[in-house]
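Breakdown of the fold
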Amino acid sequence: MTVQRSLISGTNKLLHLQTTTSSSTTTTNPWNFRLRELAKQCQYTQALTLYLQMLRSGSTQNAFTFPFLLKSCAALSLPISGAQLHCHVIKTGCESDPFVQTSLISMYCKCSFIEYARKVFDESGESRKLTICYNALISGYTLNSRIYDGVLLFRKMREAGVSVDSVTMLGLAPVCKLPVHLSLGMCLHGCCVKVGLDSNLSVSNCLLTMYVKCGSVAYARELFNAMPAKGLITWNAMISGYAQNGHARHVLDLYHEMELTGICPDPVTFLGVLSSCAYIGAHKVGCEIEQQIQCRGFGSNPFLSNALIYMYARCGNLGKARAIFDHMPEKSVISWTAIIGGYGMHGHGEIAVQLFDEMIGIGIKPDKAVFVSVLSACSHAGLTDKGLDYFDAIERIYGLQPGLDHYSCVVDLLGRAGRLKEAKELIESMKVKPDAPVWGALLGACKIHKNVELAELAFNQVIELEPTNIGYYVLLSNIYCEAQNLEGVLKVRVMMRKRKLKKEPGYSYVEYNGRVHLFLAGDRTHPQAKEIYRMSDELENLVKELVETYKNDQERRNEELLSGMGVHSEKLAIAFGLLNTRLGTEIVVIKNLRICENCHLFIKLVSKVVDRQFVVRDATRFHHFRNGTCSCKDFW
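Residues numbered from 1 in each chain as written. Predicted model: local features only at pLDDT ≥ 70, side-chain atom pairs only at ≥ 80, totals over all residues. Heavy atoms only, no water.

1. So, the packing of aromatic side chains
Put simply, the rule is: Two aromatic rings, drawn from Phe, Tyr or Trp (for Trp, its six-membered ring), form a pair once their centres lie within 6.5 Å of each other, and the interplanar angle then sorts them: stacked below 30 degrees, edge-to-face above 60, tilted otherwise. Here a helix means four or more residues in a row that DSSP labels H or I, a strand means two or more in a row labelled E, and each is numbered from the N terminus. To sort residues, take the accessible area from a 1.4 Å probe on protein chains only and compare it with the maximum for the residue type: under 20% means buried, over 50% means exposed, and anything in between is partly exposed.
According to the stated counting rule, one finds 16 aromatic pairs in the structure shown. A centroid spacing of 5.7 Å and a plane angle of 55 degrees characterise the contact between F371 and Y398, whose relative ring orientation is tilted. Note that F371 is positioned in helix 22 (residues 368–381) and Y398 in the loop between helix 23 (384–396) and helix 24 (404–416), a separation of 27 residues in sequence. Taking the relative accessible area as the measure of exposure, F371 reaches 0% and is therefore buried.

In structure tokens form, the structure reads like this:
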């Protein structure tokens, strides 16, 4: 603001002292050189201060002076100072210079004065003939999310016969960032091919990113494969694209392919790979990535440290996640969110709450994301009152507006505690329209507490919002099944058949000797299938002897055969782990669906029989089984 006030008060007084004649090159050039260097070094405030000194010295500006100053105003978001400079441009007769025009357009666009930028463009006949001026305004429209205007200007540019270059495409392609923009993006790609820009590496990278943001990873990979030369940015764009769209295995495959080409990864590469390791629980690969991070000198990168915390927590190694957190010299709110979320998903709600309170105590202001983590931790650990206190504090103490994620957590919190009426009333009192996860949380709570009537209400709401989400149909079917409501079960199956919905097959996997061993329900394709089923039967017999509450063998087999499931995948994974690991080794199983009550009881009892610790990550949380107990305390 000091620079802006100085320009407003000082430049008008000094401007009348400027003569219309140009000073000698020896007078002007040193000032321009210094202005250029300051702008180049991002010392924008100093550049504007130097300009005031230039005016006081009696030196005359020229067309080379203003681009550096306008760039500084844009970077500091000083539109008034920029407008003052615009007056200087007109006074000194530099408005017809294409570089000055481009700088003015860019400055107004970056300061969100897009209409002024368009006025500069329209008032100059020269602008409408120059590629650089079109490029500046197109980029400005993109920056200000004026998609329609940007596309119209591009069309006008083509009709006027103004040549399109790589900067044009780099400015326009980023407007395509949603699936609905895919058609436009493909048209731009076609235009690039037509004018010969498809061989430009920067343009190809931009198009690849565009396809990824539009959700068309297949098109992105097609373009990636067709590119004759691939730089680090290209590999990073494709790796990040796969990671953002949930194709974790493709990320790891592509990363190994990148290693073979000899291209050295950077922190952006590692972020994409670590997020994928977290997604699929690839602990060994994650450990190798951490070693590479250290070897390449990126160990102090806070973004990578946060990603490592999240990855280790998601892979079941909470101790390692905590060690990385504790060794961080500076912890941002993102770091705290990662470790609080880690403890929450492992069922250690009390520690998650302690960490949250510690974060507040050292003066770090919580954001919406960390509140989601601590509310989820309270929900999983049954800390109902504590969770409600945090929810109340979001708006009352910290001035944040609760979002849908926060409401979803609190509905889950109340629902798990059996306070279904309060959960329903909370949904009805929401300031924003409830989404599917909010109603889904209530539906899940109805299963726990066997409330069929409320479950039907929640189900009707949730399928209005997500009619193809198979999980909600399965949940209601299970609720009907437990209530012995066969008519209800049949009704749900008819609905699924009409909508051509099929239940996602359950699978589990174990990482062993650097390989992932995948098991489907009733799977007999594994090379050790005979030994695995033999071990599974032995465990069933041992468990049956241990406790009478466990269903007898024939009842269980009949139930699983009737549901078409066979032996559940997590049981096969546990049997495989016991066959192939040493006594005392912890066995980590990753499962894509929520673990069923039958398997939860089975693994709990097996942990007591064989004196082993099992860690199972299902679709919602971690379960640590040891000596006949589970970390979730049967509250999941």
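Still to come is the rest of the account.
2. Examining helix 26 (residues 436–449)
The following threshold applies: Helix span, expected: 1.5 Å multiplied by one less than the number of residues in the helix. Whether two residues touch is decided by their heavy atoms; if any such pair falls within 4.5 Å, the residues are in contact.
Its 14 residues place the ends of helix 26 20 Å apart at the C-alpha level, agreeing with the 20 Å of an ideal helix rising 1.5 Å per residue. Taking burial as the measure, the 14 residues of helix 26 include 10 buried ones, the bulk of the element. Residues of helix 26 that are buried: A436, V438, W439, G440, A441, L442, L443, A445, C446 and K447. Buried-residue contacts for helix 26 involve helix 24, helix 25 (420–428), helix 27 (452–465), helix 28 (470–482) and helix 33 (597–609). Looking one or two residues past helix 26, K450 carries a phi angle of roughly 55 degrees, positive in sign.

3. Structural notes on the sheet that holds strand 3 (residues 587–591)
Applied cut-off: When DSSP locates at least two bridges between a pair of strands, those strands are taken to pair.
With mixed pairing, the 6 strands of this open sheet are ordered in space as 2-1-3-4-5-6. The open sheet has two edge strands, strand 2 (515–520) and strand 6 (629–630), and neither has a second partner. Bridge analysis of strand 5 (residues 622–626) against strand 6 gives 2 bridges, and the strand direction is antiparallel. Bridge assignment links F625 to a residue of strand 6, and that residue is C630.

4. Quick notes on the pairing of strand 5
Burial of strand 5 is extensive: 4 of the 5 residues sit out of reach of the surface. As judged from the 5 bridges shared by strand 4 (residues 613–617) and strand 5, these two strands associate in the antiparallel manner. Within strand 5, the position partnered with Q613 by the bridge is R626. Once strand 4 ends, the chain turns through 4 residues before running back antiparallel as strand 5.

5. Quick word on the pattern of salt bridges
How we decide: Definition used for salt bridges: Asp or Glu carboxyl oxygen within 4 Å of a side-chain nitrogen of Lys or Arg.
Scanning the entire structure with this criterion turns up 21 salt bridges. For E422, the salt bridge identified is with R419, shortest N-O distance 2.9 Å. Classification of E422 as partly exposed rests on a relative accessible area of 35%. Residue classification places R419 among the partly exposed positions, given a relative accessible area of 26%. Two residues, K571 and E540, come together in a salt bridge whose shortest N-O distance is 3.6 Å.

6. A short note on a nonpolar patch on the surface
Heads up, the condition is: Residues enter patches when they are more than 30% accessible in relative terms and free of salt bridges; like-charged ones are connected within 9 Å and nonpolar ones (Val, Leu, Ile, Met, Phe, Trp, Tyr) within 5 Å. Accessibility throughout is a Shrake-Rupley quantity obtained with a 1.4 Å probe, and a residue counts as covered only by protein chains that appear here.
On the surface, L542, L546 and V609 cluster together into a nonpolar patch covering about 210 Å² of accessible area. By the secondary structure assignment, V609 is in helix 33.

7. Here's the deal with unusual backbone geometry
One non-glycine residue, S112, lies in positive phi territory at about 70 degrees. Along the chain, S112 turns up in the loop between helix 6 (98–110) and helix 7 (114–123). Unlike most non-glycine residues, Q484 shows phi in positive territory, near 60 degrees.

8. Quick word on helix 30 (residues 529–546)
As a reminder of what qualifies: An arc is given here, and it is the one of the directions from the helix axis to the C-beta atoms.
Taking 1.5 Å of rise per residue, the 18 residues of helix 30 would be expected to cover 26 Å, and the 26 Å separating its terminal C-alpha atoms lies within 8% of that figure. Every buried residue of helix 30 is listed here: A529, I532, Y533, M535, S536, L539, E540 and V543. Along the axis of helix 30, the buried positions cluster into a sector of 160 degrees, meaning they face one direction only. Projecting away from the buried face of helix 30 at angles above 90 degrees are the exposed residues K530 and E545.

9. Section: the pairing of strand 2
Bridge count between strand 1 (residues 507–512) and strand 2: 6 bridges; the pairing is antiparallel. When the sheet's bridge partners are listed, Y509 is paired in strand 2 with L518.

10. A look at the environment of Y473
Test applied: As used in this structure description, the phrase polar contact means that two N or O atoms lie within 3.5 Å; if the pair is within protein, one of them must be able to donate a hydrogen and the other to accept it, and residues adjacent in sequence are counted only when both atoms belong to side chains.
Following the sequence through the fold, Y473 ends up in helix 28. Along the primary structure Y473 and I463 are separated by 10 residues, whereas in three dimensions their C-alpha atoms are 8.5 Å apart. If near-sequence neighbours (up to four positions away) are discounted, Y473 is found in contact with F459, I463, P467, V492, M495, M496, R499 and L501. For Y473, the side chain forms a polar contact with the side chain of R499, separated by 2.5 Å.

11. Some remarks on the domain arrangement of the protein chain
Quick reminder of the rule: Domain delimitation follows an automatic or database domain assignment.
The domains assigned to the protein chain are domain 1 (230–317), domain 2 (331–402), domain 3 (407–503) and domain 4 (507–630). Between the C-alpha centres of domain 3 and domain 4 there is a distance of 28 Å.

12. Examining the state of the cysteines
This is how the line gets drawn: Cysteine sulfur atoms that pair up within 2.5 Å are treated as a disulfide.
Throughout the structure, instances matching the rule amount to 0 disulfides. As a non-bridged cysteine, C87 has C73 as the owner of its nearest cysteine sulfur, 12 Å distant. This cysteine, C109, is not joined by any disulfide, and C111 carries the nearest cysteine sulfur, 9.5 Å off.

13. A short note on the packing of helix 30 against helix 32 (residues 569–580)
Rule in force here: Whenever a helix is involved, its axis is fitted only over the stretch in contact; in every case the axis is a line through C-alpha atoms, and angles between N-to-C directions fall within 0 to 180 degrees. Each angle receives one of four descriptions, namely roughly parallel if under 35 degrees, roughly antiparallel if over 145, roughly perpendicular if within 65 to 115, and oblique otherwise. Any residue outside Ala, Val, Leu, Ile, Met, Phe, Trp, Tyr, Cys, Pro, Asp, Glu, Lys and Arg is labelled polar, Gly included; the first ten of those are nonpolar and the last four are charged.
Between helix 30 and helix 32, whose axes approach to 9 Å, the crossing angle comes to 105 degrees. Viewed along their axes, helix 30 and helix 32 adopt a mutual orientation that is roughly perpendicular. Listed contacts from helix 32 to E531, I532, Y533, M535, S536, L539 and E540 of helix 30 are K571, L572, A575, F576, L578 and L579. For the contact of helix 30 with helix 32, the per-class residue count stands at 9 nonpolar, 1 polar and 3 charged.

14. What to know about the UniProt feature "repeat: PPR" (unreviewed entry) in the protein chain
Stated formally: UniProt positions are given in the numbering used here, feature names are shortened, and annotations may be inferred rather than shown by experiment.
Sequence positions flagged by UniProt for "repeat: PPR" (unreviewed entry) are, in local numbering, residues 130–164, 231–265, 301–331, 332–366 and 403–437. The straight-line gap between the two end C-alpha atoms of residues 332–366 is 10 Å; of that span, 74% is helix and 0% is strand.

15. Focus on the environment of F224
Take F224: it is sitting in helix 13 (residues 217–226). Of the residues examined, F224 reaches a relative accessible area of 1% and is grouped as buried. With 17 residues separating them along the chain, F224 and L207 place their C-alpha atoms 9.8 Å apart. The contacts of F224, once residues within four sequence positions are left out, are L208, K230, T234, W235, M238 and L254.

16. A word on the packing of helix 26 against helix 27
Applicable threshold: Handedness of a crossing is defined here by the sense of rotation of the near helix relative to the far one, left-handed for an anticlockwise turn of less than a right angle and right-handed for a clockwise turn.
For the pair helix 26 and helix 27, interaxial distance at closest approach is 9 Å and the crossing angle is 155 degrees. Put simply, helix 26 runs roughly antiparallel to helix 27. Relative to helix 27, helix 26 is oriented so that their crossing is left-handed. Counted together, A436, W439, G440, L442, L443 and C446 of helix 26 and L454, A455, L457, A458, F459, Q461, V462 and L465 of helix 27 form the full contact between these two elements. Its residues assigned to classes, the contact of helix 26 with helix 27 comprises 12 nonpolar, 2 polar and no charged.

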